[in-house]
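Given next are the chains, with one letter for each unit.
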Amino acid sequence: PAINVWFDLSDQLVLRFGAGRSIARPDYTDIVPRVSLNPGSLTGDGGDPNVNRYESDDYNASLEFYPDRETIFAAAVYYKNIANYIVNRTDQEIFPVQTSTPNIQRCTLQNAAENLYNCLFDINRRSDGAGGHNFGVELQASRRIWGPFGAIVNYTYSDAKSDSGNPIPGNSKHALNVTGYFENDFLSLRASYNYRSAFFINIDRASPLNQGETQSLDASANLKLTDNIALTADAVNLTNAKIYQYAGTETRFRALYDNGRIFYAG
């Protein structure tokens, strides 16, 4: 259910209010009673058929200013009362392992002839979060600045907190996108800068997994040759930014992803 109402305060100014309930099913792999094991590290992950759906009650208000047909300046506030979200928990569970190099502190011999042991695994199980809330602010501007040159800017502040005090997965407090463009009847050029602050990913092997702030610069070009033919080019991550992941604090390194620069042409 949702309701949205708006008031035209003038020909250029619009006030909007909205309220609704957002729901989403868990991923199929979250609710399947499965387990995937890594015997080398005695870790694994699994689903839980008792996991509930994602659910929140959402409220928002915005004020939008349209000085001309190609311009918008807008500000919005929102509040989400989060009834449930899904997060990992770590359970210790026993599974049989056939190995000649057992971890003697976590494995018990069952059959010496077959090198069969019962071993204690740390299993990441999907589970219901404690609920919580999210208060945020959104700012947006889009305008031609001079002739074919223009800019688009949007910023989001998102302050999400769980009732248990634990972080909510996937929430970055700050997100920013700035795009500059040149557009006429034949040529379109764009460059976009994206920034996302650090965020908590999930519990992984009994410890938090976090991702550091990310930023990238992308660009695109589109040249119209005829009404039916155009040349296109796109570049992703021109600054060659890397993704840094850590466990709780930045000094506890977990992973570094170097995706490089990506170029497309058509």
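Higher on the page you've got the structure.
Residues numbered from 1 in each chain as written. Predicted model: local features only at pLDDT ≥ 70, side-chain atom pairs only at ≥ 80, totals over all residues. Heavy atoms only, no water.

A. Inspection of the nonpolar core at higher detail. With 8 residues, the main nonpolar core is built from Leu-42, Phe-95, Val-97, Cys-107, Tyr-117, Cys-119, Phe-121 and Ile-123. Contributing elements (two or more residues each) for this core: strand E7 (86-98) and strand E9 (116-128). Of all the elements, E9 adds the most residues to this core, at 4 residues. Residue contacts for Tyr-117: discarding those within four places in its chain leaves Phe-95, Pro-96, Val-97, Thr-99, Pro-102, Cys-107, Thr-108, Leu-109 and Gln-110. Counting 6 residues, the second largest nonpolar core, distinct from the first, contains Ile-82, Tyr-85, Ala-160 and Ile-168. (Core = buried A, V, L, I, M, F, W, Y, C linked by side-chain atoms within 4.5 Å. Buried < 20%, exposed > 50% of the residue type's maximum accessible area, 1.4 Å probe, protein only. Helix = DSSP H or I, 4+ residues; strand = E, 2+ residues; numbered from the N terminus. Contact = heavy atoms within 4.5 Å.)

B. Representation of the sheet that holds strand E20 (residues 262-265). Read across the open sheet, the 11 strands follow the order E1-E2-E5-E6-E10-E11-E12-E13-E16-E17-E20; overall the sheet is antiparallel. Edge positions in the sheet fall to strand E1 (2-8) and E20, since each has one partner strand and no second. Averaged over neighbouring strand pairs, the angle between their axes works out to 10 degrees when direction is ignored. As paired strands, strand E2 (residues 13-24) and strand E5 (residues 54-65) are joined by 12 bridges and run antiparallel to one another. (Pairing = 2+ DSSP bridges. Axes fitted to C-alpha atoms, helices over the stretch in contact; angles between N-to-C directions.)

C. Representation of the pattern of salt bridges. The tally for this structure, following the rule as stated, stands at 18 salt bridges. Arg-190 is the partner of Glu-183 in a salt bridge, and the nearest nitrogen-oxygen pair spans 3.0 Å. With a closest N to O distance of 3.3 Å, Asp-227 and Lys-224 form a salt bridge. For Asp-227, a relative accessible area of 71% translates into the label exposed. Classification of Lys-224 as partly exposed rests on a relative accessible area of 34%. Each of Arg-21, Arg-53, Glu-55 and Asp-57 takes part in salt bridges that share partners, so that together they form one network. (Salt bridge = Lys/Arg side-chain N within 4 Å of Asp/Glu carboxyl O.)

D. Geometry of the state of the cysteines. Under the definition given, this model contains 1 disulfide. Disulfide pairing places Cys-107 opposite Cys-119 at an S-S distance of 2.1 Å. Negative torsions about the S-S bond denote left-handed disulfides, and the value of about 115 degrees found for Cys-107 with Cys-119 makes this one right-handed. Of this pair, Cys-107 sits in strand E8 (residues 107-111) while Cys-119 sits in strand E9, and the two are 12 residues apart along the sequence. By the burial criterion, Cys-107 is buried, and Cys-119 matches it. (Disulfide = S-S within 2.5 Å.)

E. Region of interest: the environment of Ala-265. Inspection of the secondary structure assignment puts Ala-265 in strand E20. Relative accessible area serves as the criterion here: at 74%, Ala-265 is assigned to the exposed category. Taking the C-alpha atoms as reference points, Ala-265 and Asn-154, 111 residues apart in sequence, are found 28 Å from one another. Non-local contacts of Ala-265, meaning those with residues more than four positions away in its chain, are made with Thr-232 and Ala-233.

F. Representation of unusual backbone geometry within the structure. Positive phi, close to 50 degrees, is recorded for Asn-115, a residue that is not glycine. The backbone phi angle of Asn-240 is positive, close to 55 degrees, even though this residue is not glycine. Checked against the element boundaries, Asn-240 lands in the loop between strand E17 (230-236) and strand E18 (243-246).

G. Seen up close, the sheet that holds E18. Overall, antiparallel pairing links the 4 strands, which are arranged E14-E15-E18-E19 in an open sheet. With partners counted over all chains shown, the strands left at the sheet margins are strand E14 (199-204) and strand E19 (253-257), one partner each. Each strand of the sheet is rotated relative to its neighbour by a mean of 20 degrees, with strand direction disregarded. Two elements, E14 and strand E15 (residues 207-211), share 5 bridges in a ladder whose sense is antiparallel. Pairing of Phe-200 across the sheet is with Asn-210, part of E15.

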